[in-house]
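# A look at the structure
For reference, the chains in residue letters:
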Amino acid sequence: MTATIPGTTLTGEMLIAGTAVRGNGQEVRAFDPAAGRPLEPVYQHGDSSHVDAACAAAADAFATYRASTSEQRAQFLETIAANIEAISETLIARTVAESGLPQARITGEVGRTTGQLRLFASVLREGSWNGARIDTAQPDRTPLPRPDLRQRFIPLGPVAVFSASNFPLAFSVAGGDTASALAAGCPVVVKGHDAHPGTSELVARAIADAVVSCGLPAGTFSLLFGSGPDLGIALVTDPRIKAVGFTGSRSGGTALVAAAAARPEPIPVYAEMSSINPVFLLDGALDTRGAELGTAFVASLTMGSGQFCTNPGLVIAVDSPGLTNFVAAASQALTKSPATPMLTPNIARSYASGVESLTKAAELISRGEPGTSETSCHAALFTTDAQSFLASEDLQAEVFGSSSLIVRCADADELRAVAQGIEGQLTATVHADDSDLEEAGKLLPLLELKAGRILFGGWPTGVEVCHAMVHGGPFPATSDSRTTSVGSLAIERYLRPVCYQDVPKSLLPSAVADGNPDHLWRRIDGALSQD
């Protein structure tokens, strides 16, 4: 799509249905963690009146937006992507300043964000998201005739999206939650993150401009800023909101789940929350390349100051000379790891507190280079035995940052006991050689019950945006393990099935109409067909 050039001058305002609105609550400035200084302009939190306005606009837009064609929504998503690319120079500079993340990382995140939008555009054009099924009438069936039955998916309604701190673009205003909800036909109200308000405003203006240029109702998109109790809970409990996408802490996610469940009309909350992403090192792999694995592990652990939801926060292995080599190499690599800035002073303080708690419960074996700023991440590596790990909830708690715990097991049975004892995870990684495959075969069924993505080899800190990806997992990794927040399957979070029984043919939606006007693959009497 051809991009227009959205505004790139920051005003410090929210956007409600395309209209710039200044908040009336707490003042918020972005903070440059690398330079250690606040950034202009000043933003202000909104309140329940702003939630009401945004939700009313979204509800007004829903009928028109859900009736838009797949092609219209695909072009809308592509226009957003093109608009983001048109302001990429300004956007990257502001995001680097607000996050302290390197320019190369943010440049890549721009590409991931626009790639997600275009992925969902392709999903819309391909059409299987409709879930079209037809069971033809059998008037002569005995003892009772079968009616004509047809099924398709329809959008749930307006969706509230909560931006993440650690991915200011890909899991933020135009991130996967927003892209999948818009693809499904749901207007979106985003709660921007206080850590990157300028980035959020720039992207919001790119989306609002696309709304106008694509001729869509203004309430299709809004951006709000505010605190959890004052604005976040009000947003989740507004009766016009029909689903929630969230990426953040376990405490934040569970609070939203509880609020949504307590509504007169409960709604689904798709919350990505807490994961320590265990890495299992099997004997053969350790024997042949323990030191190599130790060095590679530290590179994954310290990437981006460890501020990834898939950061390898737990390593599990049977005690052996190979594990000793792994620990020695990892410890040596970590001592040379420079202190890097974390996203915000609050995140840095929370990380330091988590490391202090681990120091009381496990053995500290290595630290990275110390930093001098209030946002510095001082990497840490700990070890403990399997029995101590299984007996301690504290040792399973996520420490968001470059900290990891090595669990030494007495034998393979104890290693599998640890696998059974861990909480739900986004990922589980296995390093195995051919000699380990029998043991890996015993471990794999356990990990299927614990994680949304299982890796053999490699490290979990990269999440491919594609059709087969699952970025989810059993609680507390997410609040609903049946879905994913990354990949094309995410569109299904914001859809629900409707069955049409003996509906007059002139009233049938095109996805399930006779003659297949949309040229979809449909399941007819149980068999896939394009007829």
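Computed from a predicted structure; not experimentally measured.

### Observations regarding the nonpolar core
- One finds F76, L77, I80, I84, V407, L443 and I491 to be the most contacted residues of the largest nonpolar core, which totals 113 residues.
- Looking at this core, the element that brings in the most residues is helix 6 (residues 197–213), giving eight residues.
- Each of domain 1 (14–273 + 481–493) and domain 2 (278–456) contributes no fewer than three residues to this core.
- Not counting chain neighbours up to four residues away, the residues in contact with I491 comprise F120, V123, L124, W129, S180, A183 and A184.
- L281, L301, V315 and L323 belong to the second largest nonpolar core, which has 19 residues in total.

### Some details on the sheet that holds strand 1 (residues 14–16)
- In space, the seven strands of this open sheet follow the order 2-1-11-10-9-12-13, with mixed pairing throughout. Each edge of the sheet is formed by a strand with only one pairing partner; in this case those strands are strand 2 (19–21) and strand 13 (269–272). Shown here is a sheet whose adjacent strand axes are inclined to one another by a mean of 20°, direction ignored.
- Relative to strand 10 (residues 188–191), helix 7 (residues 228–237) is tilted by about 160°, and along the sheet it contacts strand 9 (159–162), strand 10, strand 11 (221–224) and strand 12 (243–247).

### Details of the layout of surface pockets
- Its volume calculated, the largest pocket comes out at about 1,300 Å³.
- Along the walls of the largest pocket sit 48 residues, with S165, H193, G248, S249 and I347 positioned nearest its centre.
- Where the lining of the largest pocket is concerned, the elements lending two or more residues are helix 7, strand 12, helix 8 (250–261) and helix 11 (345–361).
- Residues of the lining of the largest pocket, tallied by class, amount to 19 nonpolar, 23 polar and six charged.
- What the second largest pocket holds in volume is close to 400 Å³.
- Around the second largest pocket, the lining comprises 23 residues; the ones closest to its centre are T69, S70, N130, S510 and D518.

Cut-offs applied
- Residues numbered from 1 in each chain as written.
- Predicted model: local features only at pLDDT ≥ 70, side-chain atom pairs only at ≥ 80, totals over all residues.
- Heavy atoms only, no water.
- Core = buried A, V, L, I, M, F, W, Y, C linked by side-chain atoms within 4.5 Å.
- Buried < 20%, exposed > 50% of the residue type's maximum accessible area, 1.4 Å probe, protein only.
- Helix = DSSP H or I, 4+ residues; strand = E, 2+ residues; numbered from the N terminus.
- Domains from an automatic or database assignment.
- Contact = heavy atoms within 4.5 Å.
- Pairing = 2+ DSSP bridges.
- Axes fitted to C-alpha atoms, helices over the stretch in contact; angles between N-to-C directions.
- 1 Å grid on protein atoms, 1.4 Å probe; cavity = no way out; pocket = protein on both sides within 12 Å on 5 of 7 lines; lining within 4 Å.
- Points joined across faces, edges and corners; volume = space filled by probe spheres on them.
- Nonpolar A, V, L, I, M, F, W, Y, C, P; charged D, E, K, R; others polar.

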